[in-house]
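For reference, the chains in residue letters:
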Amino acid sequence: MKDTLIKVDGVSKKFCRGLKKSLWYGLQDLGNELRGRRHGGNGQLRADEFWAVRDASFELSRGECLGLIGHNGAGKTTLLRMLNGLIKPDQGRIEIRGKVGALIALGAGFNPILTGRENIYINASVLGLSKRHVDAKLDEIIDYSEIGEFIDTPVQNYSSGMSVRLGFSVAVVLIEPDVLFLDEVLAVGDIGFVIKCLNTMRRLTANSAVVFVSHSMQFISWFCTRVMVMKHGATLLDSPNPAEGIDRYFALVKHEQQTSGTGDARVLGLDLLVNGEMDTGEEPSIHQGSSVTVLLRMQVDGPRACAHAWLYIHDEAKLPLVCTPIHDAYSQMLCLPPGEHLLEIPLGIIELNAGKYNFVVAILDANTSIVLARVEGLRSFRVLSDQTQWGNIVRPAKAQLRAPPNKASTVSG
Amino acid sequence: MNEPAISVYTSDSSLSNPFKMVREMFRDLFASRELAWRLTVRDIRAQYRQAFLGILWAFILPLANTVTWIFLSRAGIVSVGETVLPYPIYVFTGTMLWAILMDAMTAPLQQTNAARGMLAKLNFPREALVVSGIYQTLFNAGIKIALLIGALILLGMNPGWNVLLFPLGILSLILVGTAIGLLITPVGMLYTDVGRALPLLMQFLMYLSPVVFPMPKEGWAATLFMINPLTPLILTARDWLTGFSPEFLGYFLLVNAAALALLLAVWVAYRLAMPILIERMSA
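All figures in this text were calculated on a predicted structure; none of them were measured in a lab.

1. As for the overall build of chain A
Secondary structure summary: chain A contains nine helices and 19 strands in total. Compactness check: chain A gives a C-alpha radius of gyration of 27 Å against a globular reference of 22 Å for 413 residues, more than 25% above the reference. Overall, chain A is about 85 × 80 × 50 Å in size when its C-alpha atoms are taken along their principal axes. Classification of the 413 residues of chain A by burial places 41% in the buried group. Expressed as a percentage of contacts within chain A between residues at least 6 apart in sequence, the contacts between residues at least 24 apart total 75%.

What follows is the structure, encoded as structure tokens:
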């Protein structure tokens, strides 16, 4: 039997850009609400308003995890706040069945003057849990948080990591939700703690319907059974295949071309051969493990003897991941005399993690090392994979299963 | 096994289903009791842990007010009419009672404002904030009353059995204060003007109530004093404390009944306003 816990039907929400107007609309809404009128009027936008969430619909059952992805301001958090009942939808209907837990504002209600121990009780009662309940689990919470002896220190003396840890521990040890909302909670820093959180979240998510907001595609890929991509409030894609959703998310980023250098060389074009076939798409989507060859056309101006070229692959955050110096047959830098050239550069197997990347080309004068041209964001491409892994390069290895060495020989008397 | 709770959020106003709304209001009020208590303990502890003078702060302001007015009248700068009670007792009880009313009145807006961060991110019974405000007012009132009664005994006042009714006077001050405070909270959360204007307005109202001045006997001032619904509250509470039989008991009861009705109405308004206010707060 399908145990549907969340039903969202055509939910919309509008927000206002200016503060003054926003407050004034707030006052008007207040008046309307008190007269028993429906929130959000007739579905028209007032001046200066925009749709923060537009016509979102989905259903979620126990055991499912929906990942909400999109860039800042796409409406993910607003949707989550409506689901949590904090703000009212302007249109549509939300139905939630069962106990709701939210790992959103970790440590909300903490008072900096009071000790960690005192704050555990406060935080727990904000989450709707009784003192008796906390008493029984107090040690477990303190233990989980790894705060140790600092538990009786005022929270204002905690590092930011410590207070987040404490907040997370309180929530995670105490709640047993049917419906769980998570908003960027795993940005806690310390890797040891993150791993622990991941394991706990696995336990929590197994028995609940989860809505998960994150910018980390690794988390989305690992947790979610479904992905919804949002942009400017609209639902671009709702897919039961997280890899597809993640790919769509990366496709949202527009790459910009930026050229620097003296201008004595130009890149005329860059094409890709994927598994031997020309990919003419605007932004090719390449399956991980495909073999890729780059066709690079360039012009070098004279007079000079030679120019050298490099091809780089940068990720979305402009972090250089791959550097390919262009060599000749003798593994020396290839000499490019003045004139137009077409280079065929075999890059081999693409082992990059799922994500979005772009090519950068640099052309330098061979003698003076002066940069003639450097083109960033020349051509972007996406790597497609079922799973977003925790590494920039994904290189599976086939292991041999061998018998372990004899125990008697390794354990000495 | 009990049925899992179903929450439905739509754009309809809760007023369209009043029975359900009232049921939810009392359910949330009941659910909020532990949280309200926790928040109270938190705020009181934090407040006094960080203050050198500790609980003195609960009555320093009315005490200073009293001293000022005693000085003003003794020095003849302000001529205060005849009071049945010795003037220092009159002004001391008056300012203490007024301070309790003010506490109750500012509490809802202050509590809600202080909880902005929580409100914007977590769903908890919002009633807890109001109840916690009432608890804190009661706590501070307790300190004031202890001081007040101590001072009266020192000054040789014997209030008699009527003093047993005095807590009713305090409760009605808190009731009226909370009702008015809750009334202004929704707008006060949007516009800070409200929070700033309140002390100013109350300062003015204080001089129209028998707090430091006795009731004028005649003229337009007497009418103003009589119209002011705070007058019977202050007078009745003071009469009970000092052993007089209250003069305006009927008016007192009327004001309380009205305040109770107002409180219920503004409670509804507060609940309805919350999502709208949170929407306008930063996330």
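Once the structure has been displayed, the description carries forward.
2. Looking at the interface of chain A and chain B
Across the contact, 47 residues belong to chain A and 41 residues belong to chain B. At the level of secondary structure, the elements contributing two or more residues to the side of chain A that touches chain B comprise helix 1 (19-34), helix 2 (76-83), strand 4 (91-97) and helix 3 (116-126) of chain A. Among the elements that take part in the side of chain A that touches chain B, helix 1 of chain A stands out by supplying eight residues, more than any other. A class-by-class count of the residues in the side of chain A that touches chain B yields 19 nonpolar, 15 polar and 13 charged.

3. Focus: the nonpolar core
In terms of nonpolar packing, the biggest core is built from 170 residues, with Phe212, Val361 and Ile363 of chain A together with Ile100 and Leu173 of chain B touching the most fellow members. Sorting elements by how many residues they give to this core places helix 4 (residues 87-114) of chain B first, with 14 residues. Counting only domains with at least three residues in this core, you end up with domain 1 (55-252) and domain 2 (258-384) of chain A.

4. Some remarks on the pairing of strand 5 (residues 100-103) of chain A
Within a regular beta strand, the side chains point alternately toward one face of the sheet and then the other, so they alternate between its two faces. All names here are of chain A. Here strand 5 shows a buried face lined by Val100 and Ala102 and a second buried face lined by Gly101 and Leu103. Pairing geometry for strand 5 and strand 6 (residues 179-183), over four bridges, is parallel. Within the sheet, the bridge partner assigned to leucine 103 lies in strand 6 and is leucine 182.

5. A few points about the packing of helix 3 of chain A against helix 4 (residues 131-145) of chain A
Residues and elements named next belong to chain A. The geometry of helix 3 relative to helix 4 is characterised by a closest axis approach of 10 Å and an angle of 130 degrees between their N-to-C directions. Considered as vectors, helix 3 and helix 4 are oriented oblique to each other. As for the relative orientation of helix 3 and helix 4, their crossing is right-handed in sense. Residue-level contacts link Ile120, Tyr121 and Ala124 of helix 3 to Lys131, Val134, Leu138 and Ile141 of helix 4. Grouping the amino acids of the contact of helix 3 with helix 4 by side-chain chemistry returns six nonpolar, no polar and one charged.

6. Let's talk about the domain arrangement of chain A
A common way to state how big an interface is: give the accessible area lost once the parts meet. Residues and elements named next belong to chain A. According to the domain assignment, chain A consists of domain 1 (55-252) and domain 2 (258-384). Of note, the centres of domain 1 and domain 2, computed from C-alpha atoms alone, are 42 Å apart. Contacts between the two partners involve six residues from domain 1 and, on the opposite side, seven residues from domain 2. The dominant element in the side of domain 1 that touches domain 2, judged by the number of residues it contributes, is helix 8 (residues 242-252), at five residues. Across the side of domain 1 that touches domain 2, the residue classes break down as five nonpolar, no polar and one charged.

7. A look at the pairing of strand 6 of chain A
All names here are of chain A. Of all five residues making up strand 6, five are buried, and the element is well covered by its neighbours. A two-sided burial pattern is seen for strand 6, the buried positions comprising Val179, Phe181 and Asp183 on one face and Leu180 and Leu182 on the other. Pairing between strand 6 and strand 7 (residues 209-213): five bridges, direction parallel. The partner of leucine 182 across the bridge, within strand 7, is phenylalanine 212.

8. Considerations on the confidence of the model for chain B
All names here are of chain B. Of all residues in chain B, 98% attain a pLDDT of 70 or more, and the chain-wide mean is 86. Helix 7 (residues 166-190) holds the highest mean pLDDT among the elements of chain B, 92, whereas helix 3 (residues 57-74) holds the lowest, 82. On the interface metric, ipTM, the complex scores 0.81, and its pTM is 0.81.

Conventions we followed
- Residues numbered from 1 in each chain as written.
- Chains lettered and ligands numbered in written order.
- Predicted model: local features only at pLDDT ≥ 70, side-chain atom pairs only at ≥ 80, totals over all residues.
- Helix = DSSP H or I, 4+ residues; strand = E, 2+ residues; numbered from the N terminus.
- Rg over C-alpha atoms; globule rule 2.2 N^0.38 Å.
- Buried ≥ 20, exposed ≤ 12 C-beta atoms within 10 Å, placed from the backbone.
- Contact = placed C-beta atoms within 7 Å.
- Nonpolar A, V, L, I, M, F, W, Y, C, P; charged D, E, K, R; others polar.
- Core = buried A, V, L, I, M, F, W, Y, C linked by C-beta atoms within 7 Å.
- Domains from an automatic or database assignment.
- Pairing = 2+ DSSP bridges.
- Axes fitted to C-alpha atoms, helices over the stretch in contact; angles between N-to-C directions.
- Parallel < 35°, antiparallel > 145°, perpendicular 65-115°, else oblique.
- Left-handed = near helix turned anticlockwise from the far one by under 90°.
- pLDDT = per-residue confidence, 0-100.

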